[in-house]
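Fold and contact review
Listed below, chain by chain, are the residues.
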Amino acid sequence: MKSNLVLRRRVPSELSPLDQAIVFVSTGFGPGWAPFAPATVASAVMAAALFLAAGRLTFARLLAIAVVTTVVGIALGRAAERVQAGKDPKWFVLDEYAGMAIVFLLNPISWAACIAGFVLFRAFDVMKLWPADRCESLQGGWGIMLDDLFAGLYAGIALMVLRAILALVHPA
């Protein structure tokens, strides 16, 4: 029963109310149910949300988003694995939300930065450079979250370098 959870694209009614809430929050309030590439969809949703909220996002608010999403993701990770009866459920996308927030802790938000940050984040998330590759072996929420936090850090640094290069080539 639980192993088919990812195929249903909705919160199964046979789960307890607590497990239903865990699944709903863990899907990023929906994007985790995307039938194809839920991590990519969730990353795009977060990039769009950050762009739309850019005028109201101070560094402190963005840091709060990253920290709260990370803490909630770590807390819910083990429970999501229990509900799915497997490691790192594909529908669990809070790690993408936290990783994308990290990208923009290091960079100003603009439409171009959101597109570049999204592409860089997804690339680093897929590449799993050291030590991100080792993080997945950690238990529960730590294993789910940490590799994406590293991907966000790498993407944020890469975007900073790209912006610096563009500023040299095309000074304002």
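Data block above holds the structure.
The notes below deal with the structure included here. On a predicted model such as this, the values are computed, not experimentally measured, just so you know.

Moving on, we come to the overall build of the protein. Broken down by element type, the protein carries 8 helices and 0 strands. Along its sequence from the N terminus, the protein presents helices and strands in the succession α-α-α-α-α-α-α-α. Over its C-alpha trace the protein gives a radius of gyration of 16 Å, about what one expects of a compact globule, namely 16 Å for 172 residues. Taken across its 172 residues, the protein has 45% of its residues classed as buried. Of the contacts formed within the protein by residues at least 6 apart in sequence, a portion of 71% connects residues at least 24 apart. In the structure as shown, the protein presents an accessible area of about 8800 Å², 73% of it carried by carbon and sulfur atoms. Of the side-chain charges in the protein, 14 are positive and 11 negative, and the distance between the mean point of each set is 4 Å.

Our focus in this paragraph is the layout of surface pockets. If a probe as big as a water molecule is rolled over the atoms, it shows which places are left empty. Here the largest pocket defines a volume of roughly 220 Å³. As for the largest pocket, its lining consists of 17 residues, of which Ala 39, Asp 88, Lys 90, Glu 96 and Asp 125 are closest to the centre. Ranked by residue count, the leading element in the lining of the largest pocket is helix α3 (residues 38-52), at 3 residues. Within the lining of the largest pocket, the residues separate by chemical class into 6 nonpolar, 1 polar and 10 charged.

Our focus in this paragraph is helix α5 (residues 94-105). Taking 1.5 Å per residue, 12 residues should reach 16 Å; α5 reaches 17 Å between its end C-alpha atoms and fits that length. Those residues of α5 lying buried are Leu 94, Asp 95, Glu 96, Tyr 97, Ala 98, Gly 99, Met 100, Ala 101, Ile 102, Val 103, Phe 104 and Leu 105. Considering only its buried residues, α5 is in contact with α2 (17-26), α3, α4 (59-84), α6 (111-127) and α8 (140-169).

Here the focus is the packing of aromatic side chains. On inspection of all chains with the given rule, the structure shows 4 aromatic pairs. The interplanar angle of 35° and the centroid separation of 6.0 Å between the aromatic rings of Phe 150 and Tyr 154 together place this pair among those described as tilted. Placement of both Phe 150 and Tyr 154 in helix α8 is noted, with a separation of 4 residues, approximately one turn of the helix. When its relative accessible area of 17% is taken as the criterion, Tyr 154 is described as buried. The rings of Phe 124, Phe 150 and Tyr 154 are connected pair by pair, giving a single aromatic cluster.

The phi angle at Phe 29 is positive, at roughly 65°, despite the residue not being glycine. Mapped onto the secondary structure, Phe 29 falls in the loop between α2 and α3. Classification of Phe 29 by relative accessible area gives exposed; the value is 53%.

Turning our attention to the side chain of Thr 27. Residue placement: Thr 27 occurs in the loop between α2 and α3. The exposure class assigned to Thr 27 is buried, which follows from its relative accessible area of 0%. In this structure Thr 27 touches Gly 32, Trp 33, Trp 91 and Val 93, once residues within four positions along its chain are discounted.

Relative to the elements of secondary structure, Thr 69 occurs in helix α4. Among the polar contacts made by the side chain of Thr 69, one reaches the main-chain carbonyl oxygen of Ile 65 at a distance of 2.6 Å. Every residue in contact with Thr 69, bar those within four places of it in the chain, is listed here: Leu 94, Tyr 97, Ala 98 and Met 145.

So, on to the nonpolar core. One finds Leu 62, Phe 92 and Phe 104 to be the most contacted residues of the largest nonpolar core, which totals 40 residues. Looking at this core, the elements that each hand over two or more residues are α2, α3, α4, α5, α6 and α8. Per element, the largest residue contribution to this core is 9 residues, and it comes from α5. Dropping the residues within four chain positions of it, Leu 62 is found in contact with Leu 50, Leu 57, Ala 101, Phe 104 and Leu 105.

Cut-offs and rules
Residues numbered from 1 in each chain as written. Predicted model: local features only at pLDDT ≥ 70, side-chain atom pairs only at ≥ 80, totals over all residues. Heavy atoms only, no water. Helix = DSSP H or I, 4+ residues; strand = E, 2+ residues; numbered from the N terminus. Rg over C-alpha atoms; globule rule 2.2 N^0.38 Å. Buried < 20%, exposed > 50% of the residue type's maximum accessible area, 1.4 Å probe, protein only. Contact = heavy atoms within 4.5 Å. Areas by Shrake-Rupley, 256 points an atom, 1.4 Å probe, with all protein chains shown as cover. Lys, Arg positive; Asp, Glu negative; His and termini not counted. Charge placed at Lys NZ, Arg CZ, Asp CG, Glu CD. 1 Å grid on protein atoms, 1.4 Å probe; cavity = no way out; pocket = protein on both sides within 12 Å on 5 of 7 lines; lining within 4 Å. Points joined across faces, edges and corners; volume = space filled by probe spheres on them. Nonpolar A, V, L, I, M, F, W, Y, C, P; charged D, E, K, R; others polar. Expected span 1.5 Å × (residues − 1). Phe/Tyr/Trp six-rings, centres within 6.5 Å; stacked < 30°, edge-to-face > 60°. Polar contact = N/O pair within 3.5 Å; in protein donor to acceptor, adjacent residues only side chain to side chain. Core = buried A, V, L, I, M, F, W, Y, C linked by side-chain atoms within 4.5 Å.

Purely spatial values, then, with no claim about function.
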